[in-house]
Amino acid sequence: MKKLLILLSSLILIGCAVTPPVRQMEAEPYVAKFDYTPVTQTAPDSSGVTFTVSKGSYKTNSKDMLWFTYPQFADLENGIKSDLGDILIAKGFSVRGPFDSYDLIPYADKKNIDMLLSPQIELHIKIKDQKSEVENIWAAPPVNILTGNVEVSGKVTVELREINTRELMWIKNVPFEEFEFSYRIRNCHFYNKKHHIVFDLKTIIITDVAKGVESQYPEIMVTIANLIDAEEMNIVKKQCQEVRKEKMSNQGMQPTK
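Source: prediction; values computed, not measured.

Caption draft 1: Structural detail: the side chain of Arg244. With respect to the helices, strands and loops of the structure, Arg244 is situated in helix H5 (residues 230-250). Within polar-contact distance, the side chain of Arg244 engages the side chain of Glu162 at 2.6 Å.

If you want it as structure tokens, here you go:
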């Protein structure tokens, strides 16, 4: 019996020595492409309304899931700002800028701009049905498997504001089609102080989130393009002029346009 115990102990030590946890090199993260080209083109500057497009803003349902800070969404900011500008130009509107911020719009440009277009992207990421189990109780350390589902929903909001007062004049919400995917993670390398497996789910699932948003992005842009109508924008422009005139009058100033 004593010899048997010594033999088993030796085998365990050899097993641990020859099969240490392997740290794999992390692959370059997937970077989603957000690109849209308008299908139809109207004569340049034919619609009589001038815009500038602001940077996008982002919302999430959880402070722990700041999806827009991950490299998978690195191209979203430039993509949506550029594509909205292309949509406006294709519709026959004039576009001034780009400007890094509202405060950096020169007065000479501001007095010739009618509206500020501001996009906002909101995603709700819900992790559900999470289960953990040991794959092999004899492994040293034990191999744990984590499974679950991820549910993603959200919307793109487009706001138009009068350029001087920044009063909201027009708003549209375009929802993403809700999508869901599953994950299965095999991990035995990372432990917390209580010797439980630690999974960084956010970095693992965010690629599938980005791919889902990427696949719907062109259709979202098509919908936004269809909502921006030249006749309606001229009506909104007149409303902007009235708002500006009223504010200037209340302040005892001469309207700029």
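That covers the picture; the talk isn't over yet.
Caption draft 2: Molecular detail of helix H2 (residues 76-90). Over its 15 residues, H2 extends 21 Å from the first C-alpha to the last, a length consistent with the 21 Å expected when each residue adds 1.5 Å. Of the surrounding elements, those touching the buried residues of H2 are strand S1 (50-53), strand S2 (57-60), strand S3 (94-96), strand S4 (115-136), strand S5 (143-162) and helix H4 (201-227). Of the residues one or two after H2, Gly92 is the one with positive phi, at around 95°.

Caption draft 3: Focus on H5. Between its first and last C-alpha atoms H5 spans 30 Å; for 21 residues at 1.5 Å apiece the expected length is 30 Å, and the two agree. All buried positions along H5 are accounted for by Met233, Val236, Lys237, Cys240, Val243, Arg244 and Met248. The arc enclosing the buried residues of H5, seen along the axis, measures out at 125°, which places them on a common side. Facing away from the buried side of H5 by over 90 degrees, the exposed positions are Glu231, Lys238, Glu242, Lys245, Glu246, Ser249 and Asn250.

Caption draft 4: Structural context of the pattern of salt bridges. Under the criterion given, the structure shown has six salt bridges. As a salt-bridge pair, Glu151 and Lys128 come within 2.9 Å of each other at their nearest N and O atoms. Taken together, the residues span a long stretch of sequence, with Glu151 in strand S5 and Lys128 in strand S4 at a distance of 23 residues. Here Arg161 makes a salt bridge to Glu159, at a shortest N to O gap of 3.0 Å. Look at Arg161 and you get partly exposed, because its relative accessible area is 23%. Ionic contacts of the salt-bridge type, sharing partners, join the residues Lys128, Glu151 and Glu180 into one network.

Caption draft 5: Seen up close, the packing of H2 against H4. H4 packs onto H2 with a crossing angle of 35° between their chain directions and a minimal axis gap of 10 Å. Seen from above, H2 lies across H4 with right-handed handedness. Of H4, the residues touching H2 (which contributes Leu76, Gly79, Ile80, Asp83, Leu84 and Ile87) are Tyr217, Met221, Ile224 and Ala225. For the contact of H2 with H4, the per-class residue count stands at eight nonpolar, one polar and one charged.

Caption draft 6: Geometry of the packing of aromatic side chains. Evaluation of the coordinates by the stated rule reveals seven aromatic pairs. When the ring of Phe34 is compared with that of Tyr217, the centres are 5.3 Å apart and the planes differ by 70°; the resulting orientation is edge-to-face. Residue Phe34 is found in the loop between helix H1 (2-18) and S1, and its partner Tyr217 is found in helix H4; the two are separated by 183 residues along the sequence. For the pair Phe34 and Tyr217, a shared accessibility class is recorded, and that class is buried. Where Tyr58 meets Phe68, the ring centres are 5.5 Å apart and the plane angle is 20°; that geometry is what we call stacked. Of this pair, Tyr58 sits in strand S2 while Phe68 is found in the loop between S2 and H2, placing the two residues 10 residues apart along the sequence. With relative accessibility at 23%, the residue Tyr58 sits in the partly exposed group.

Caption draft 7: Seen up close, the pairing of strand S6 (residues 168-175). Looking at chain direction, S5 and S6 are connected through seven bridges and run antiparallel. Looking at S6, one finds that Glu159 is bridged to Ile171. If you look at the hairpin formed by S5 and S6, you'll find five residues sitting between the two strands, and Arg166 has a positive phi there, around 60°.

Caption draft 8: Focus on the nonpolar core. Among the nonpolar cores identified, the biggest contains 51 residues, and Phe73, Ile125, Met221, Ile224, Ile228 and Met233 are the most heavily contacted of them. Breaking this core down by element, the ones donating at least two residues are S1, H2, S4, S5, S6, strand S7 (179-187), H4 and H5. Element by element, the count of residues in this core is highest for H4, at 11 residues. With six residues, the next largest nonpolar core counts Phe99, Tyr102, Ile105 and Ile113 among its residues.

Caption draft 9: Structural view of the environment of Ile204. With respect to the helices and strands, Ile204 occurs in helix H4. Owing to a relative accessible area of 38%, Ile204 belongs among the partly exposed residues under this scheme. With 21 residues separating them in the primary sequence, Ile204 and Tyr183 have C-alpha atoms 8.7 Å apart.

Cut-off values and rules
Every chain begins its residue count from 1, and numbering advances along the sequence as written. This being a predicted model, a pLDDT of at least 70 is required before a residue's local features are given, and a value of 80 or more before pairs of side-chain atoms are given or counted; all residues contribute to the totals for chains, interfaces and linings. Hydrogens and water molecules were not included; the side-chain quantities draw on all heavy atoms of the structure. Secondary structure elements are taken from DSSP: a helix is a run of H or I of four residues or more, a strand is a run of E of two residues or more, and numbering for both begins at the N terminus. As used in this structure description, the phrase polar contact means that two N or O atoms lie within 3.5 Å; if the pair is within protein, one of them must be able to donate a hydrogen and the other to accept it, and residues adjacent in sequence are counted only when both atoms belong to side chains. In this scheme, a helix's expected span is set at 1.5 Å multiplied by one less than its residue total. We call two residues in contact whenever any of their non-hydrogen atoms come within 4.5 Å of each other. In this scheme, a residue with accessible area under 20% of its type's maximum is buried, one over 50% is exposed, and one in between is partly exposed, where area comes from a 1.4 Å probe on protein chains only. An arc is given here, and it is the one of the directions from the helix axis to the C-beta atoms. For salt bridges, the criterion is a side-chain nitrogen of Lys or Arg within 4 Å of an Asp or Glu carboxyl oxygen. Only C-alpha atoms enter the line fits that serve as axes; for helices the fit covers just the stretch in contact. Angles between N-to-C directions range over 0 to 180 degrees. Take the far helix as the reference: if the near one is turned anticlockwise from it by less than a right angle, the crossing is left-handed, and if turned clockwise, right-handed. Only Asp, Glu, Lys and Arg are considered charged in this grouping, and only Ala, Val, Leu, Ile, Met, Phe, Trp, Tyr, Cys and Pro are considered nonpolar; every other residue, Gly among them, is considered polar. Centre distance within 6.5 Å is the pairing criterion for rings of Phe, Tyr and Trp, where only the six-membered ring of Trp is used; planes under 30 degrees apart are then read as stacked, over 60 as edge-to-face, and the remainder as tilted. At least two bridges found by DSSP between two strands is the condition for calling them paired. Throughout this description, the term nonpolar core refers to a set of buried Ala, Val, Leu, Ile, Met, Phe, Trp, Tyr and Cys residues connected via side-chain atoms within 4.5 Å.

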